[in-house]
Structures are given as C-alpha cells and as structure tokens.
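# Structural overview for review
This is what each chain is made of:
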Amino acid sequence: MSLAPARFPMGLSIPLGAELAALAAVGLLGVVGYVVFPDDLAFLTRLISITLLVLSLDLVTGYCGVATLGQAALFGVAAYAAGNACIAGLTNPFLLLIVGMLAGVVTGILSGLLIGRFRGLQQLVLSIAFGELVAALANKLTPWTGGSDGLSGITPAPVFGVFDFDLYGRTPYWLSVGTLAIVMAALAAFVRSPFSLTCEAIRDDDLRARMIGLAVYPRLIAMYAVSGAVAGAGGALTAITTGVVGLDSVSFERSAEVLVMLVLGGAGRLWGALMGAILFQVFEHYVTTSNPYSWLALVGLMLIAIVVFAPGGLMRGVDLARRRWMRRRA
Amino acid sequence: MALTLLSLIIDAVSYGMALFIISIGLSIMMGLMRVVNLAHGAFAMIGGYFASYALVSLGAPYLVAALIAVIGTIIVSIPFELLLYRRIYRKSDSLTQLLLTIGITFFIIGVMNFVFGPTVKPIPLPPWLSGPVDIGFRMVPAHRIFVVICGALTALALWVLFDRTDFGVRLRAAVDDSDMAESLGIRTDVLYLLTFALAVGLAAFGGVVGAELLPIEPYYALRYMVIFLVVVSVGGAGSIAGALAASFLLGLADTTGKYFMPEYGDFFFYAAVIAIVFLFPNGLLGREPA
Amino acid sequence: MNGLSRLLLAGIAFSIMGGAAFADAIKVGVIGPMSGPFALYGQNFKMGIDAWVAEHGSKVAGHDVEFIYRDEGTPNPAHSKALAQELLVKDKVDYLAGAYFTPDAMAIAPLLAEAKTPLVVMNAATSSITTKSPYIVRTSFTMWQNAVPAAKAAKAAGAKKVAIAVSDYGPGIDALDGFKKTFEGEGGSVVESIRMPLSTTDFGPIMQRIKDSGADMIFTFLPSGPPTLGFVKAYIDNGLKAQGVKLISTGDVVPDPDLAAIGDAGVGILSTYHYSVAHDSPENKAFLAQIAKDGAKVGEVTMTAVAAYDGARLIYKMIEATDGKRDPDKALAAVKGMQWTSPRGPVSIDPETRHITQNVYLRKVENVDGKLVNKEIETYKDQPDWGLEKH
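### Describing the overall build of chain B
- Within chain B, the regular secondary structure consists of 12 helices and 2 strands.
- Helices and strands appear in chain B in the N-to-C order α-α-α-α-β-β-α-α-α-α-α-α-α-α.
- What you see for chain B is a C-alpha radius of gyration of 19 Å, in line with the 19 Å of a compact globule of 290 residues.
- Considered along the principal axes of its C-alpha atoms, chain B spans approximately 60 × 45 × 35 Å.
- Here chain B, with 290 residues, has 58% of them falling under the buried criterion.

Here it is, written out as structure tokens:
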C-alpha cells in the first residue's frame, strides 16, 4: 500500500475512506452552515477562504515544523493574481482558482527557498522579512494592486454560466464549500503519503532525519509548493467572492491571526486546522461586537492557556475523548 | 556631500543606539535562556507607559520617571517570569516560544489599550533635553545626543557586568554549559530570574529614552517587534558587540535608505535583512548555538 | 439527533429576533471602526449621529429610524463586504452609512444596485469612490479637496520653493498630486517630492533631505497617530522650524485631539481642513453642546463626527423624500444639490459628483486660553472635489 492506513473509529477500512470522509464532512458542514445561518453566507464565505490559508499553514508549520509569520504572502499574492486576471478578462471562476493556485505555488517556492534554509530565530526573522517585503511591494505596485485603496472591479462570470454572484452570496458560498471539500480530500490523501510522513520526521528531529538520508531543504520547498497551492486557492476565492483585494491579505496581522487559529485547533492535524479556523472565526464574529479592546487580550490569554495546558490544541482534546471511547469499547 | 554623510551618520548612530538599548535585553535573553521573547517590545512599551504616567500625572522629573519605569516594569514582569517564561527556558521548540510570547504580547496590548486608551502617550522631555542643539554644521535634536550617551553608558555598563563581575562570570558559565554550571553550585534559576529582570529593565529604559523615535501607543509591542528581532538575529544572540554593530548597521541602512530612496524604504530594509541573514547565518559576531 | 434540532431551533430563534418587532422602522446600517487603532473615529460616527437624533428625534415622516452599528476594524474589504451583506440581507437595512477606509467602501459599492440601497460615505476620502455607484453620496472630504487650497495658501503665504513629504500610500499620493499640480500651476516650484514609507518612525534623514533642497516651506500628509507626531517633532527638533521653514499640511496631520501631545512647539503650524472643533459658528456651538450633553468628551471630537451628523441629515431627508419606501433613485435625487449650514460651515451636495462641496479653512495652531486649537485664519469658499474635476 502506498498510503498509510487511515485511522477509523470502527476499524473499518474503505478504499479512499479518508478522502470520502473529508468530502462528506465538509459537505455536511456546508449544508449546516447554509441551513442554520442563511443570512450570514458572506461571513461564512470569508471564513472558508481564511480556513484554506490556515490549512496551508498547517502543512508547513504543523507537518514540517517551520515557525513562520509570513504565510499571508502566499495568500495575498494569489488574490492579487486572480484579481488581475479577472480584470484582464479571464472571468471563469474555475480558471481564476487555477491562476490563484499557480501564483500561490510560485510564491510558496520562493518562500520555501528563503525560509527553509534556517531554523529558529533566523527562520522566524526571514519569514517576517519575506512577508513584509511582499506587503511593501503590494503597497508600491499600485497598477497591479491598487495600493492601499485596494484592487477593485473584480467581477467574475457566473459559475457554470448560470449561478450569479449576487447579494445573497449563495454562489460564492457553494463555490467556496466545494473548493474546501476538494482541497480537504486531496490533503487527506496527501498527508498519508510517504512524502508527508518524511516531512513529519524532519519536524520531529531533523538531525536524525538527515542521518537516515532525508534531504531536508528540497522537501521543505516541495511542501511549501503544496502549501502555496492551498493558500492560493484561498486567495483566489477571496478575490472572486469579495470583488476587492486589500493590503490586509498580505499583512503581518493576517499571518499572525492564522497561526493563532492553527494552534487553537491543533497544529499537525488537518482536522485540527479546520476546527481551529472555524471555531476561532465564529467566536470572533460573536464576541468582537460586544467587547472590542478586550478581544486581543482574550486571544493572548487563549494562546497562553493553550501553550501551557493544551499544547496539542483542541484536537488533542478530541483525541483524548476518542481514546477514552475506544477503551470503553475494548 | 561629506557634510550630508556625516549628518546621516549622526542620525544613524542615534537611531541605532535607541534600538540597541531596547534590543540588548532581548539578545541577552536569547543568549542565556535561549528564549525568542516576542513580548520584549511589550515590556519596553510598559516602561514607556509608566514613564508617561509618572511625568504627566505625577509630575515627576524625567530621570525619576525613567527610574520608576524601569522598576515598575520589572515588578510587573516578575509574575510572567515565574509562571510562564520558566516553562520555556532552554527548550529549543521555537514554535512554542513564539506562541507563548505572542500570547503575552497580545495580552499586554489589550490591557494597555483598556487602561490607557488607544492614543499616543507623550513622554514630555525636560527643557534640557528638548529642542535642537547646534553642533556646528547642523542642528541635532538634544534628546538624540542623550540617547547616544545612554547607549554608550549602557554598553559600557553591560561589558563591565559580564566581563568583570562575579555575576557575569556565572552568567557566562551558564550560557556555555548550564548543566555543568549547575553541578558546580551555580543557582541557574536565580540567575535566570536576575537576567530576565535585567533584560526587562533594559527594555523599559530603552522604551523611555527611545520614545521620541518610537512613540508609545498600544500597538508599539507588535509594530517594532520585527526591528528588535532583526537586531538580535543580525547581531548574534548574547553578544554586546554584535548587537551594537547590528544596531548601527540597521540604523545606517534605514537612514541612508530614507535619505536617498525613501519611496523604496521598506522594501530595501527587508531585502537587506534577508541578505544579511543569508550572508551571516550566525549573526555578525555571534557564535554557533551550543 | 438532539443536538442538531437544538441548533436548528437556535438558528430559527436568532432569525426571528433579528427581524424584531419594528416592522415599520427604517434601519440604517453604520459600518465604522469601533475597535482597534481607529476606534476613536468610529465612535465619532456614533457621536455625530446621536447628536442629530437627539436634536431631531428618531422619527421621520411618521417612521421610526434605527441605527445599527457594525465594527469595520482595520481596512479589510472582505470583512466589510460581509458586514454590509449581513446588514442588507439579515437586518434588512434601508440605508448604509459610514465606511472609514477606502477599500471597504469599494467592496460595498457593487452591492448597492442589487440591494437598492443608498450608501452615505462618512469618511473614505478617495475621489473615485463616488463614481463606483450612482447610489453613493459622501459627506466627508477628499484629499484633493483639502490639498488644492493648501497649495493656494502656500502661494499666498509667499512660499516659492516647497518640499513635499507624504506617507507612501493612497491618500498621501493623492495629497501630493493635488498640491503639486496646483502649486506648480500657480507658478511655484516643488523642489522635493518625498514619499515616506508608512512604517517610518525616524524622520531625521527626511528632514535632512528637505533641508538640503533649500525649500522655504514643507507640505506634508501622514495618517494621524504615531507618524504625524514623529514628523512634527522631527521638524521642530531638527531646527527647521527655527530656521524659518514653514510647515503646512492637511488637517489630518494635526487632528484636534492630538494637539496636546504635540505641545507648545506646534504653535504656528498651518493646515487646511474642512472642519475644526474651534470653528466659530452658532451651528458648531450647538453641535458641540449636544455632544457634550450626550456624555461624550468634546476633546475627542474629530471630523468624522461632523460628517456623520451631516450624513444623518441626508438620511433623514432621503427617508422623507421616499416616505420610507425603498427607492434609491428618488432618495438620491432629493439630496443632489441640497444646501445647508453644517457645523463646519455652508455646504452643498454636488449633483454631478454626489460629493459634498464645502469651505476649506486655512488654520494655524494657536494657544487659546491655555489650550491648543486649530484657529481658522482664512476661508476658501465652496471647494468641490478637485480630484474628480481634473479627471
């Protein structure tokens, strides 16, 4: 078998089981979102774009152990690329997604070349420098990015020629849900691949990994390429569904925010990233309306609490619960 | 032209000195406790707030306010040290350190925002520090000269501390080999606490004297965090000379960049940072981490 | 399946509550920065609106008017668009208002046609915003509107060589273009055109460059906050002020709440702006008195309060003209060309651009009764949005 066996609670083993489960779960979440919050689809659509960015961060941080505060660059560049493509006349949403993913891959590789070279403080500083460099470029290259005014006038064609991007936001919502479902399924397969497992080895102990002959640097770059594709999908989605790309998509704040979401859910686990992203953004949506200044303090406390008490994030809690349930069955 | 260059160097030196005073604490913490303390800027900011409060609300004289700032910040930081920082000393997992210290930073920003509000807090300079000073060929703001003097004194004091005192000897021993140091009877936990207090105190001092260049407002902690990290990264952790050199270098890069090509300022600064990290992976004068 | 039905029930309950008992109420969704570094300006939106409602009641032509506030935060078009959509679809607002940042206003513009909802922009100052939808009207200002009179004032003050130093982003570049075009058009010469990175904290080298250019006046624009204070202080501390080089800016650089932080050294700084808290008129006095009565601090009043106050007036007029019905064309037709006396002075809505035409005042920072204020020393009457005129 080329893929590591999927872990299933009932001990079932279905071919492509993990992938189908991913598709089904995201689809189900999508339906729940549509039914329970029909007037909030715009918020949920934005949530999904950011979730894709969190997933991309999980690949490099959770699965490879890279400490980065510059991930937003991959997202933002893809958003600007998709936006420019749309303005230039390429209005098919699916093609725009592909443009975004390609831009994300290129930015990811560049990012990996720089950041993957070092560890520790150097790595962190390089990631920040790279992110800020991209942000500075975005501010300067006004013909491509609109500068601080943002790139506006992005009007994608209806999906399949039929479904319009209207006020109610149903089309962008389902487009986003569909993209997320496919990406999750693809990643579910990817993280069980030998390549991904070797990256986890590098994360756990890169000296030992080197000693068994794993080439660290090329692997990191490759992982960054995949991460770039995922982030690129998110970036393209945000450009298509919002119609405007602002400097916030390449900002340091965006990079820091998604790291917080990832850690909340549990880095190193796809479902952790998904859960963290969704829960954090939903929580933020309901809390910030009432208590503005304390929000940042709250996030800070949460981070501290996670590091001290629950380093695996919420996913660890889920795992513990599952293990207890399985032990009861045995 | 030569006059302009000299002028720029003066600006660079004073900016660099402000960076040095704040960043040296971070460098020391990194060198000894191997902690990447992203909350370092937050402590500098707290120092600034204490000073502002002392000057504006209590009417204290400038130097007294600076002292209050340093002592106040150290006191405020002790609980963080005891409860949180101890857990991450000498552990190499940079992600954990990153997350914990960013959490602390966010928390402090939120609290400062809540207590002091979002506006910039002035640190009014006493008359002997305000206004321009004529040094012949140009006017230099008086407080910049003050910052340079403070920076030089700080560097000197630290050198004496590390090279010439018992504390310094023990500190360097613990840096080189903490297990060995402990087995020789050096109380590393006390050492760490004292070093932490020193780092935080320096940050607070830097926050106060550097407030003209780096104004005190709640987002200070995040806004300038990058610069402090870059100084430590470029200078090499734990090296006074390295931090000085890095501060000057970055001050010079920033100043000349702003003079000759201001519209590309940010871009060149970060490109320079990337180049320097690639050229000097262990910093300008640092050593390979033990 | 208990959890799911509970969830569904909660969802239904929420939507019913959202609908509320005000079946006849006209709802206005106000999007502004209520938290974060720009919270003061968003709160000023509320101050202005509350002042208007306190004076004119919350009923227009028999309809109750309700203002709903949402937090814009920092510039984030996706977030603002989602907020607008939520207000339109869930809260079913009849009018949208606010928009502090340009990208956010740009993101909301495409929604207005389908939602048949007018947007009253209460801050975002890029000229092209009003061209994005026929249902947008603006009560704030644009950079060109304030920069053009600044150039004229500079010329009148006798400046021959001006150095321009602006923050390198949209509004800064607009200010630079507006000033340069006008000043050079009047025969002056711009000897230096510096675009400073937004992150600049150390303005020493910039001052050096300005000095080397031999300018006799500096025109500047920076976003208010740490950058403006740093710039003004560097101007003073590097001896430029002492050497007689004058400083003129748009009022964004010397907002009234920040004057205390700049201190006495700031006395004499010129600025052109459409509103000063120290504006001496009965309308302004009444406006500030009302704000004080509502419990807000007059020391925290900024230009967004007056923009919101006038914006509320426009909304009331639109509700009256359409008798509470959803008819954006009629609503906009009612306010195009409207004239009135605002707390800032006489104003009108330009029927072509749908932007507010207003007086722009040349002010000087002066110490009045122990307090630093922007004292108006000259008036440039009826300034339109020059940015749209030229294009």
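Additional details are given in the paragraphs that follow.
### Describing the overall build of chain A
- When helices and strands are tallied, chain A shows 14 helices and 0 strands.
- Reading the helices (α) and strands (β) of chain A from amino to carboxyl end gives α-α-α-α-α-α-α-α-α-α-α-α-α-α.
- In terms of overall dimensions, chain A is globule-like: its C-alpha atoms have a radius of gyration of 19 Å, near the 20 Å expected for 330 residues.
- Summarising its shape, the C-alpha atoms of chain A cover approximately 55 × 45 × 45 Å along the three principal directions.
- The burial tally for chain A puts 59% of its 330 residues in the buried class.
- Taking the contacts inside chain A whose residues are at least 6 apart along the sequence as the reference set, 79% of them involve residues at least 24 apart.
- Carbon and sulfur atoms provide 69% of the accessible area of chain A, an area that totals close to 13,100 Å².
- Side chains of chain A carry 20 positive and 17 negative charges; the gap between the two charge centres is 14 Å.

### Quick notes on the packing of aromatic side chains
- One pass over the structure, following the stated rule, counts 30 aromatic pairs over all chains.
- Ring geometry for Phe190(A) against Phe195(A): centres 5.9 Å apart, planes inclined by 45°, an arrangement best described as tilted.
- Judged by relative accessible area, which is 18%, Phe190(A) ranks as buried.
- Look at Tyr85(B) and Phe196(B): their rings are 4.9 Å apart centre to centre, the planes differ by 50°, and that puts the pair in the tilted class. Remark: Phe196(B) occurs in helix H8 (residues 188-209) and Tyr85(B) occurs in the loop between helix H3 (62-83) and helix H4 (94-116); sequence separation between them is 111 residues.
- Exposure remark for Tyr85(B): the relative accessible area of 0% places this residue in the buried category.
- One aromatic cluster is present, formed by Phe43(B), Phe80(B), Tyr85(B) and Phe196(B) through successive ring pairs.
- Just above the ring of Tyr217(A) sits the side chain of Arg117(A); from NZ or CZ to the centre is 4.5 Å.
- Across the ring face of Tyr15(B), the terminal group of Lys258(B) is positioned such that the distance to the ring centre comes to 6.0 Å.

### Some words on helix H5 (residues 143-156) of chain C
Residues and elements named next belong to chain C.
- Over its 14 residues, H5 extends 20 Å from the first C-alpha to the last, a length consistent with the 20 Å expected when each residue adds 1.5 Å.
- The buried fraction of H5 amounts to 11 of the 14 residues, a majority that puts the element mostly inside the structure.
- Within the sequence span of H5, burial applies to Met143, Trp144, Gln145, Asn146, Ala147, Val148, Pro149, Ala150, Ala151, Ala153 and Ala154.
- Gly158 sits one or two residues past H5 and shows a positive phi near 95°.

### Details of the interface of chain A and chain B
- If you look at the interface, chain A gives 35 residues, while chain B gives 43 residues.
- Here chain A packs against chain B, burying approximately 3,400 Å² in sum over the two surfaces, 86% of which is carbon and sulfur.
- One can count 0 salt bridges joining chain A with chain B.
- On inspection of chain A and its partner chain B, the count reaches 2 residue pairs in polar contact (both at pLDDT 80 or more).
- Going through the elements one at a time, helix H4 (93-115), helix H5 (120-140), helix H11 (252-265) and helix H13 (292-309) of chain A are the ones with two or more residues in the side of chain A that touches chain B.
- Looking at the side of chain A that touches chain B element by element, the count peaks at 14 residues for H5(A).
- Here the side of chain A that touches chain B is built from residues that sort into 28 nonpolar, 4 polar and 3 charged.

### Remarks on the confidence of the model for chain B
- Confidence along chain B averages 86 in pLDDT terms, with 97% of residues attaining 70 or more.
- If you check the scores for this complex, the pTM reads 0.87 and the ipTM reads 0.86.

### Quick look at the interface of chain B and chain C
- Facing 32 residues of chain B, the contacting portion of chain C comprises 26 residues.
- Summed over both sides, the interface of chain B with chain C buries roughly 2,500 Å², with 56% coming from carbon and sulfur.
- Three residues, Lys258(B), Tyr259(B) and Pro262(B), lead the burial of chain B against chain C; their summed loss comes to 22% of the area buried on that side.
- For Asp202(C), the salt bridge goes to Arg144(B), with nearest N and O atoms at 2.3 Å.
- Those elements that provide at least two residues to the side of chain B that touches chain C are helix H1 (2-33), strand S2 (139-141), helix H5 (142-164), helix H11 (240-260) and helix H12 (265-279) of chain B.
- Looking at the side of chain B that touches chain C element by element, the count peaks at 5 residues for H1(B).

### Concerning unusual backbone geometry
- Of note, Arg34(B) is a non-glycine position whose phi angle comes to about 55°, a positive value.
- Of note, Arg34(B) is situated in the loop between H1 and helix H2 (40-56).
- By relative accessible area, Arg34(B) is classed as partly exposed at 22%.
- For Lys92(C), which is not a glycine, the phi torsion comes out positive at approximately 50°.
- Take Lys92(C): it is sitting in the loop between helix H3 (77-90) and strand S4 (95-98).

### Observations regarding the sheet that holds strand S6 (residues 136-138) of chain C
Residues and elements named next belong to chain C.
- An order of S2-S3-S1-S4-S5-S6 is seen for the 6 strands of this open sheet, with the pairing classed as mixed. Only two strands of the sheet have a single neighbouring strand rather than two, namely strand S2 (59-60) and S6.
- By the bridge criterion, 3 bridges tie S4 to strand S5 (residues 119-121) in an arrangement that is parallel. Across the sheet, residue Gly98 finds its bridge partner in S5, namely Val121.
- The strands that H3 touches are strand S1 (26-32), strand S3 (63-71) and S4; relative to S3, the one it contacts most, it runs at about 155°.

Procedures and definitions
Residues numbered from 1 in each chain as written. Chains lettered and ligands numbered in written order. Predicted model: local features only at pLDDT ≥ 70, side-chain atom pairs only at ≥ 80, totals over all residues. Heavy atoms only, no water. Helix = DSSP H or I, 4+ residues; strand = E, 2+ residues; numbered from the N terminus. Rg over C-alpha atoms; globule rule 2.2 N^0.38 Å. Buried < 20%, exposed > 50% of the residue type's maximum accessible area, 1.4 Å probe, protein only. Contact = heavy atoms within 4.5 Å. Areas by Shrake-Rupley, 256 points an atom, 1.4 Å probe, with all protein chains shown as cover. Lys, Arg positive; Asp, Glu negative; His and termini not counted. Charge placed at Lys NZ, Arg CZ, Asp CG, Glu CD. Phe/Tyr/Trp six-rings, centres within 6.5 Å; stacked < 30°, edge-to-face > 60°. Lys NZ or Arg CZ within 6 Å of the ring centre and 35° of its normal. Expected span 1.5 Å × (residues − 1). Buried area = accessible area lost by both parts, 1.4 Å probe. Salt bridge = Lys/Arg side-chain N within 4 Å of Asp/Glu carboxyl O. Polar contact = N/O pair within 3.5 Å; in protein donor to acceptor, adjacent residues only side chain to side chain. Nonpolar A, V, L, I, M, F, W, Y, C, P; charged D, E, K, R; others polar. pLDDT = per-residue confidence, 0-100. Pairing = 2+ DSSP bridges. Axes fitted to C-alpha atoms, helices over the stretch in contact; angles between N-to-C directions.

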